[in-house]
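Chain residues, written in single-letter form:
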Amino acid sequence: MKAAIIAIGDEILIGKTLDTNSNWIAGQLDSIGIDIDQIIVTRDEEQYITEALDRARTECRLIMITGGLGPTNDDITKKVISAYFGRPLVFNQKAYDHITSYFCAKGKEVTPTNKLQSELPENCIPIKNIFGTASGIWIADKEQIFVAMPGVPFEMKPMVTNELLPMLNDHFDLPVIIHKHVLFAGIGESFLADKLSEFEAELPPAIKMAYLPSNGIVKVRLSSRGEDSQLIAESIDAQVTKMQSIVPKYIFGYDEDTISEVVGKHLASNDKTLAVAESCTGGYIAHLITSSPGSSEYFVDSIIAYSNEAKEEWLGVDPEVIEKYGAVSEEVAKAMAQGVMIRSNADYGLAVTGIAGPSGGTEEKPVGTVWVAVTGKDSVYGKRFMFGNERMSNIVLTAVNGINLLRKVLIR
Ligand code: ATP
């Protein structure tokens, strides 16, 4: 059971829009056991769309199309599909009812242009669009299924999750597929791969393993497919337990967990609070922490002390310490963490100071040098990191590794 995704749109091909739809749809199909054979991006012209359909249908039983379903002249997907399958556009009552209820909910009248959107290829099934007027289209042609969806991501995504995945599950005899993600921080992909090489070699053949590194976090995905979901889940869980015994200290969570959420839960369940002092991350750590719902329970304060003066004035860092060791140093990071913790009357202080770049580096402290400190009521811990030359990546890595250092202090 193989699928193709066709993303339609000139704006993708000229680099104005990133084709995130295909990426997202691929993940959704994969999660229900459908293999993606190909992703095609094509211009919104009849000849190109037709060629893409021809190509996809030679290999795949499911073809998912996104883009060009809107009401304007440049949206030609519906017309091309109608011509391709020789199914004329006809009024579709179900699609019209969707459009009417969409406008009713907004207290608006259906315009003639919108009414035209209820014309769909004959003998298709309309797929409800709760955030727009362009219905999705499901066409069964012999053994193959063709689905067309809008390009606008917030219209397409609920259409897939609410309507299409259940329809695909009903239509195809899909295997059970289970993925388990184990999340690592504080270790790079290649070091982790070394530690897990024997584990990987000993995996049962039915379980596949993949490394998915991104922004300082490495996700290790274990996947298996078959017919009995309980058996599959048990065999994956057994491997996760084995993995935990090999690299326990780097694992911070599973599946959809985020590191800030994990740290937040730890603080909340121990009735502890946190204050943060940020230099090179400019507030990004506070942003990550406050992105978790319920963070007000444990997060009390954040100070962005970018200049030396701010570090002195707001965090009480001794100017002589800055003068002697430099703003990017263990001593200053520790003084910042201590300062923000005392000032905010928090149980823990987390501070970062570093050279994000691209300028500002020296031979002794090149761009990417970062000091992180974590203080508790009677403990102070500092660690140096050496990241790379890219500013945004340094900011993200500092934040993630800073929060991870706090996690390690908390679980100790
Ligand atoms: P509309 O009713 O807005 O015309 P549509 O189904 O015709 O919807 P398009 O015109 O193809 O969709 O795209 C509308 C917008 O959706 C694009 O400008 C772009 O922002 C986004 N979009 C389209 N295709 C993709 C894609 N493959 N990945 C991410 N975003 C996309």
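Since the structure is predicted, the reported quantities are computational estimates derived from the model, not experimental observations. (Residues numbered from 1 in each chain as written. Predicted model: local features only at pLDDT ≥ 70, side-chain atom pairs only at ≥ 80, totals over all residues. Heavy atoms only, no water.)

Chemist: I'm lost on the nonpolar core in this one. Help?
Modeler: Across soluble globular proteins, you tend to see nonpolar side chains buried next to one another. L274, I285, I289, L350, I403 and L406 are the most contacted members of the largest nonpolar core, which has 33 residues in total. If you list the elements that add at least two residues to this core, you get β9 (176-185), α11 (259-269), β13 (274-278), α12 (284-290), β15 (348-354), β16 (369-376) and α16 (391-411). No other element matches the 9 residues that α16 contributes to this core. Contact partners of I285, with chain neighbours within four places excluded, come to V276, E278, L350, V352, A399 and I403. In terms of nonpolar packing, the next biggest core, distinct from the first, is built from 24 residues, I6, L53, A95 and A134 among them. (Core = buried A, V, L, I, M, F, W, Y, C linked by side-chain atoms within 4.5 Å. Buried < 20%, exposed > 50% of the residue type's maximum accessible area, 1.4 Å probe, protein only. Helix = DSSP H or I, 4+ residues; strand = E, 2+ residues; numbered from the N terminus. Contact = heavy atoms within 4.5 Å.)

Chemist: Just to check I follow, could you spell out the sheet that holds strand β1 (residues 2-8) for this structure?
Modeler: Working definition: the strands of a sheet are paired by backbone hydrogen bonds and lie parallel or antiparallel to each other. One open sheet accounts for 6 strands, arranged β2-β1-β3-β8-β7-β6; its pairing is mixed. Because the sheet does not close on itself, it has two edges, and the strands there are β2 (35-42) and β6 (125-127). Sheet twist, expressed as the mean angle between neighbouring strand axes with direction ignored, is 20°. Here β1 pairs with strand β3 (residues 62-66) via 5 bridges, running parallel. Note that in β3 the partner of A3 across the bridge is L62. Along the sheet, helix α7 (residues 153-171) makes contact with β3, β6, β7 (136-141) and β8 (144-149), crossing β8 at roughly 170°. (Pairing = 2+ DSSP bridges. Axes fitted to C-alpha atoms, helices over the stretch in contact; angles between N-to-C directions.)

Chemist: Could you clarify how one ought to interpret the packing of aromatic side chains in this entry?
Modeler: Given two aromatic rings, their pairing is described by the distance between the two centres and the angle made by the two planes. Following the criterion strictly, the structure yields 6 aromatic pairs and no others. For the ring pair F85 and F146, a centre distance of 4.7 Å and an interplane angle of 70° mean the geometry is edge-to-face. A residue pair is termed long-range when its members are at least 10 positions apart, and F85 in helix α4 (residues 77-85) and F146 in strand β8 qualify at 61 residues. Here F85 matches F146 in class, with each residue buried. Aromatic side chains F385 and F387 sit 5.5 Å apart centroid to centroid with 15° between the ring planes, which places their arrangement in the stacked category. As far as burial versus exposure is concerned, F385 and F387 are alike and both buried. Connected via pairs of aromatic rings, a cluster forms that spans Y84, F85 and F146. Directly above the aromatic system of Y96 lies the positively charged group of K115, at a separation of 5.6 Å from the ring centroid. Of note, R412 hangs over the ring of Y381, and the distance from its end group to the ring centre comes to 5.1 Å. (Phe/Tyr/Trp six-rings, centres within 6.5 Å; stacked < 30°, edge-to-face > 60°. Lys NZ or Arg CZ within 6 Å of the ring centre and 35° of its normal.)

Chemist: What is the right way to read the packing of helix α13 (residues 308-315) against helix α15 (residues 330-344) from this model?
Modeler: If you want to describe how two helices pack, look at the angle between their axes and the distance between the axes. Packing of α13 against α15 leaves a shortest axis separation of 9 Å and a crossing angle of 40°. The chirality of how α13 crosses α15 is left-handed. Contacts between α13 and α15 involve K311, W314 and L315 on the former and, on the latter, V332, A335, M336, G339, V340 and R343. Split by residue class, the contact of α13 with α15 holds 6 nonpolar, 1 polar and 2 charged. (Left-handed = near helix turned anticlockwise from the far one by under 90°. Nonpolar A, V, L, I, M, F, W, Y, C, P; charged D, E, K, R; others polar.)

Chemist: Just to check I follow, could you spell out the sheet that holds β15 for this structure?
Modeler: A sheet is described by the order of its strands in space; here 5 strands give the open sequence β14-β13-β15-β16-β17, paired in mixed fashion. At either margin of the open sheet sits one strand with a lone partner, and together these are β14 (299-304) and β17 (379-386). Strand-to-strand twist in this sheet, taken as the mean axis angle between neighbours without regard to direction, amounts to 15°.

Chemist: Could you clarify how one ought to interpret the side chain of R87 in this entry?
Modeler: Here R87 shows up in the loop between α4 and β4 (89-91). Owing to a relative accessible area of 13%, R87 belongs among the buried residues under this scheme. If we ignore the near neighbours within four places in the chain, the residues touching R87 are S82, P121, E122, N123, C124, I139, A140 and D141.

Purely spatial values, then, with no claim about function.
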